[in-house]
Amino acid sequence: MKPNLMAAGALSAAVLVVLLAGCGGSTSGAPSAGGAAVPTTTAAPPPTSGTANCDFTAIPDQPAPAGHDEGLPPNTAPRAGTVMITLHTSQGDIPVTMPRAAAPCTVASFAYLAGKGYFNNSPCHRLTSADSLKVLQCGDPTGTGTGGPGYTIPDENPTNLPKAPSGQGSLYGRGLVAMANTGDPHSGGSQFFLVYGDSALPATYAVFGTVSVAGLQVLDRIAAAGLASTDQNPEDGAPALPVTITSTTLAGN
């Protein structure tokens, strides 16, 4: 199954295959150095103690790529604390802060895969540059936009993102990190997107982290180089600067 993100251009446009959720895969919340904030997943502040029950679901008909089957993460996830991850890429380091309370199951899955080396030597296969969608998408070891970890993550969609200035969809602000999905409920996996410019999307993509100022500088350089080819779509395709996540470093409490 191929995860989707709202098509570049406008929410009224057709949905296109986007930030692969790895199936098969504003505003309020904790501020980050990147200037964005991780929204809470409910109107009220999320619990910051105890554990969350996570229904990670295997999808045998969409297995992980060869050499990348890491099994299922533990089915409970802590709500307290923060996980710090640095994505070491061929274009520079991208540090990300992941508060567990905002999306405990998503953070737990991402940290689990990173700890297993799942993202090592995987390309960031998609860059978008439309006015309403400015993201770099990563997390598919195959680099095709169809790969995932062989399981799905329960939805942890934000409910308090502000409306996009256009009035269509919600504002996924610069610096946020969100999980891609296919457009179906509970279809996130390993593919994720890094927002380098304010984007308008439906609030159906779990926000689980924020990029640091230094990481945003790396993203800006990648975005400024544009697309490798504009033959099929002038605003959506492989980045001209090849980006590979070479390894990850985890820390946190």
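Data block above holds the structure.
A brief look at the structure comes next. Model, not experiment: these values are computed from the prediction.

Calculation rules
- Residues numbered from 1 in each chain as written.
- Predicted model: local features only at pLDDT ≥ 70, side-chain atom pairs only at ≥ 80, totals over all residues.
- Heavy atoms only, no water.
- Helix = DSSP H or I, 4+ residues; strand = E, 2+ residues; numbered from the N terminus.
- Buried < 20%, exposed > 50% of the residue type's maximum accessible area, 1.4 Å probe, protein only.
- Lys, Arg positive; Asp, Glu negative; His and termini not counted.
- Salt bridge = Lys/Arg side-chain N within 4 Å of Asp/Glu carboxyl O.
- Contact = heavy atoms within 4.5 Å.
- Polar contact = N/O pair within 3.5 Å; in protein donor to acceptor, adjacent residues only side chain to side chain.
- Phe/Tyr/Trp six-rings, centres within 6.5 Å; stacked < 30°, edge-to-face > 60°.
- Pairing = 2+ DSSP bridges.
- Axes fitted to C-alpha atoms, helices over the stretch in contact; angles between N-to-C directions.
- Core = buried A, V, L, I, M, F, W, Y, C linked by side-chain atoms within 4.5 Å.

What about the overall build of the chain?
- Along the backbone of the chain there are two helices and 20 strands.
- Within the chain, buried positions represent 56% of all 253 residues.

Thoughts on the side chain of Glu 70
- As for its position among the elements, Glu 70 is in the loop between β6 (57-58) and β7 (76-78).
- Buried and unpaired, Glu 70 has no salt bridge, with Lys 116 as the nearest side chain of opposite charge at 5.3 Å.
- Each residue touching Glu 70, except ones within four places of it in the same chain, is listed here: Tyr 112, Leu 113, Lys 116 and Tyr 118.

What to know about the environment of Thr 142
- In this fold, Thr 142 is placed in the loop between β12 (134-138) and β13 (151-152).
- Put simply, Thr 142 and Asn 121 are 21 residues apart on the chain and 9.9 Å apart in space, counted from C-alpha to C-alpha.
- Leaving out residues up to four positions away in the same chain, Thr 142 has contacts with Pro 65 and Gly 147.
- Within polar-contact distance, the side chain of Thr 142 engages the side chain of Asp 140 at 2.7 Å.
- Polar contacts involving the side chain of Thr 142 include one to the side chain of Thr 144, which spans 2.7 Å.

Comments concerning the packing of aromatic side chains
- Going through the model one piece at a time under the given rule, you end up with nine aromatic pairs.
- Measuring from centroid to centroid gives 5.3 Å for Tyr 118 and Phe 119, while their planes differ by 90°, and the two rings are edge-to-face.
- Residue classification places Tyr 118 among the buried positions, given a relative accessible area of 0%.
- Each ring, one from Phe 119 and one from Phe 192, has its centre 5.8 Å from the other, and the planes form 85°; the classification is edge-to-face. Placement of Phe 119 in the loop between α1 (104-115) and β10 (122-123) and of Phe 192 in strand β16 (residues 192-197) is noted, with a sequence separation of 73 residues between them.
- Exposure remark for Phe 192: the relative accessible area of 1% places this residue in the buried category.
- Cluster of aromatic residues (ring-pair linked, three or more members): Phe 110, Tyr 118, Phe 119, Phe 192 and Phe 208.

Considering the side chain of Ser 212
- With respect to the helices and strands, the residue Ser 212 is situated in the loop between β18 (207-211) and α2 (213-224).
- Under the relative-accessibility criterion, Ser 212 is labelled buried at 15%.
- One polar contact links the side chain of Ser 212 to the main-chain amide nitrogen of Gly 215, over a distance of 3.1 Å.

Examining the sheet that holds strand β15 (residues 176-179)
- Read across the open sheet, the ten strands follow the order β10-β20-β8-β9-β18-β15-β16-β12-β11-β19; overall the sheet is antiparallel. The sheet is open, and its two borders are formed by β10 and β19 (236-237), each paired with just one other strand.
- Alignment of β15 against β16, held across three bridges, turns out to be antiparallel. Each residue of the ladder has a partner; that of Met 179, found in β16, is Phe 192.
- Relative to strand β8 (residues 82-89), α1 is tilted by about 45°, and along the sheet it contacts β8, β9 (92-99), β15, β16, β18 and β20 (244-252).
- Sitting on the sheet, α2 touches β9, β11 (126-128), β12, β16 and β18, and the angle it makes with β9 is about 125°.

A word on the nonpolar core
- The biggest cluster of nonpolar side chains holds 42 residues, and the ones touching the most others in it are Phe 110, Leu 136, Phe 192, Leu 194 and Phe 208.
- When contributions to this core are tallied by element, the ones reaching two or more residues are β8, β9, α1, β12, β15, β16, β18 and α2.
- Counting residues per element, this core draws most heavily on α1, which supplies seven residues.
- When sequence neighbours within four positions are dropped, the list of residues in contact with Leu 136 reads Cys 124, Arg 126, Leu 127, Phe 192, Phe 193, Leu 194, Tyr 196, Leu 219, Ile 222, Pro 239 and Val 243.

So, the pairing of β16
- Counted residue by residue, β16 has six buried out of six residues, so it is predominantly covered.
- Relative to β16, β12 runs antiparallel, the two sharing five bridges. Its bridge partner being in β16, Lys 134 is matched across the sheet by Gly 197.

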